[in-house]
Amino acid sequence: MSKKNQNKTYSFFSCIEKNFDKAARFLSIEKGILEQIKACNAVYRMHFPVKIGKKIKVIEAYRVQHSHHKLPCKGGIRYSTKVNQDEIMTLAALMTYKCAIVDVPFGGAKGGIKMDPQTLSVENIEKITRRYTSELIKKNFIGPGIDVPAPDYGTGEREMSWIFDTFLSLRPVEVDALACVTGKPISQGGVRGRKEATGLGVFYGIRELCRLKEDMFSVGLDVGLVGKRVIIQGLGNVGYHAATFFHEAGAIIIALAEREGAIYNKKGLNVSDVIFHLKNTGSILNFPGAKNIDNTEKALELECDILIPAALENVIHKNNANCIQAKIIGEAANGPITPEADEILEKRGVIVVPDIYLNAGGVTVSYFEWLKNLSHVRYGRMEKRFSENMNAELLQVIETICRKKILKEEKKMILRGAREIDLVRSGLEDTMISGFHKIRELKKSTGIKNMRTAAFVFAIKKIIDSYEKLGIFP
Ligand code: NAD
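Residues numbered from 1 in each chain as written. Predicted model: local features only at pLDDT ≥ 70, side-chain atom pairs only at ≥ 80, totals over all residues. Heavy atoms only, no water.

Trainee: Would you mind showing me how to read the pairing of strand E5 (residues 147–151) here?
Mentor: Each regular strand shows side chains that alternate between the opposite faces of the sheet. The buried fraction of E5 is high, at 4 of 5 residues. The pairing of strand E3 (residues 73–80) with E5 spans 5 bridges and is classified as parallel. Looking at E5, one finds that Gly75 is bridged to Pro149. (Buried < 20%, exposed > 50% of the residue type's maximum accessible area, 1.4 Å probe, protein only. Helix = DSSP H or I, 4+ residues; strand = E, 2+ residues; numbered from the N terminus. Pairing = 2+ DSSP bridges.)

Structure (structure tokens):
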């Protein structure tokens, strides 16, 4: 972020309120109802002591439940030195709208611990995570039907497994304990496909947009992903997986940006080779054949077709929005574009695919994991053999009628019943594609100019439907 922008006291929550208010103008809904949807239902700010080395450190942490219109609440936990109440409230609110868009039955929530995991030992991160979980348990802020955390910036499977273990040790008779957190390792009740879900969802969403002639024509691009020049900021969970799927689909990853700088090669970067280089050298810089860009922010301004910010919020602001050359921006991160920048980009005709839709793949697959944990059965267990037997019978009939044997390799492919990963990916793909078209249709039918406003209108309508079903508003 530029110095000018850093000095500004920015309320992230007010950015979301602005987006919400812009959308609300397209709906005739009583002000009080809109106020209720916007407000955070519960904010838990905590401080607890942890012994780090020989010193006691007081840790600041949060869990915010934005909306109780559906329970449990759902949302990730982030570890970062930038964590503050405003940020966590905003991210919790985004979760509410996100869940409504992809039709998963949760209210939005978010958690955060103010710390830098990169400067702490694994033992200390574990200590802090477990203490944070017990604080949540004490205040009834976690549980399969109450509030279900998941990974976010700075956290992953490892942290989720500590959360689950702490929950189970303090709630030993809870039969559905596995469903108290998602994003767990497979060995601890996780679902196959969760780790890459957000990045894959980002890919499915952008792929769908790129399939549409009308939309591609509006920004002067050809249909399809093959050959499109892509820049990705942040090579963490979301950015890495998104980069891999784009690369596999034939897009050209021309630049990758990390904290320490960015790398550029107009002929394309092989993502797995970059990761290998990162693991060996501790940095993406000096990757063979690529040019270093020391000021990592400048990578956002390079000429490309698709820009995917997948690191942090407010990275595209009014000071750099006019320098962005991408035709499409896919918000993989939460809130990467400020409202001022959004307006600039809209005027310039850039297509922005908003976070409240595009990065909802994680919560979608978290929903599948939660259902798996509650049902105590792995996906595919009931139907895999049945489908295989049915397919075998069908093939036999076809072979008899055609008097022709199907090749062994082809047979193997056709016979295979759906595994957990197949079902999860198919559910995710369907969710992302149908979510995209619902927002697009609403945008077209109402004449709303940008996809973010249309997505907010769609989400608000869905939330009001739920309130009406509960009979909360007269
Ligand atoms: P992560 O911690 O796995 O990765 C973040 C990456 O960004 C890291 O590699 C980090 O080094 C890099 N980074 C930090 N500052 C940077 C900078 N200034 N420039 C370039 N790179 C920088 O986090 P994640 O889970 O991938 O989350 C990334 C974003 O996606 C966040 O906004 C998060 O809220 C959002 N998100 C994540 C999920 C999920 O399932 N993990 C779901 C929805 C949204």
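Trainee: For this particular structure, what's the right way to read the site of the ligand?
Mentor: Lining the immediate surroundings of the ligand are 21 residues, of which Asp152, Gly154, Thr198, Glu258 and Asn334 lie closest. In this structure, an oxygen atom belonging to the ligand sits 3.4 Å away from a main-chain N or O atom of Gly236. Val238 places a polar main-chain atom, nitrogen or oxygen, 2.9 Å from an oxygen atom of the ligand. Starting from 830 Å² of accessible surface for the ligand in isolation, the protein chains cover 87%. The residue inventory of the shell around the ligand, partitioned by class, reads 8 nonpolar, 8 polar and 5 charged. Looking at the shell around the ligand, you find at least three residues from each of domain 1 (42–188) and domain 2 (197–358). (Near = heavy atom within 4 Å. Polar contact = N/O pair within 3.5 Å; in protein donor to acceptor, adjacent residues only side chain to side chain. Areas by Shrake-Rupley, 256 points an atom, 1.4 Å probe, with all protein chains shown as cover. Nonpolar A, V, L, I, M, F, W, Y, C, P; charged D, E, K, R; others polar. Domains from an automatic or database assignment.)

Trainee: Can you help me understand the sheet that holds strand E7 (residues 252–258) in this one?
Mentor: Strands in a sheet are paired, the pairing made by backbone hydrogen bonds, and the direction either parallel or antiparallel. Strands sit in the order E9-E8-E7-E6-E10-E11-E12 across an open sheet of 7 strands; the sheet is mixed. Because the sheet does not close on itself, it has two edges, and the strands there are strand E9 (291–293) and strand E12 (351–353). Pairs of neighbouring strands in the sheet enclose a mean axial angle of 20°, with direction left out of account. The pairing of strand E10 (residues 306–309) with strand E11 (residues 328–330) spans 2 bridges and is parallel. Among the inter-strand pairings, Leu307 is bridged to a residue of E11, identified as Ile329. (Axes fitted to C-alpha atoms, helices over the stretch in contact; angles between N-to-C directions.)

Trainee: Would you mind going over helix H16 (residues 420–446) with me for this structure?
Mentor: With 27 residues, H16 extends 39 Å between its outermost C-alpha atoms, agreeing within 8% with the 39 Å of an ideal straight helix rising 1.5 Å per residue. Residues of H16 that are buried include every one of Glu420, Val424, Gly427, Leu428, Thr431, Met432, Ile433, Gly435, Phe436, Ile439, Arg440 and Leu442, and no others. Remark: Gly447 follows H16 within two positions and exhibits a positive phi of approximately 75°. (Expected span 1.5 Å × (residues − 1).)

Trainee: Help me understand the confidence of the model for the protein in this model?
Mentor: Residues at a pLDDT of 70 or more form 97% of the protein, whose mean pLDDT is 94. Overall, residues 1–9 carries pLDDT values under 50, and its contacts beyond four positions in sequence, including any with other chains, amount to 14 contacts. (pLDDT = per-residue confidence, 0-100. Contact = heavy atoms within 4.5 Å.)

Trainee: Hey, could you run me through the side chain of Lys228 in this one?
Mentor: Topologically, Lys228 is positioned in the loop between helix H8 (213–218) and strand E6 (229–233). Buried charge without a salt bridge: Lys228, with Asp305 as the nearest opposite-charge side chain at an N-O distance of 6.3 Å. At 2.5 Å, the side chain of Lys228 and the backbone oxygen of Asp222 are in polar contact. A polar contact of 2.3 Å, which involves the side chain of Lys228, links it to the backbone oxygen of Gly224. (Lys, Arg positive; Asp, Glu negative; His and termini not counted. Salt bridge = Lys/Arg side-chain N within 4 Å of Asp/Glu carboxyl O.)

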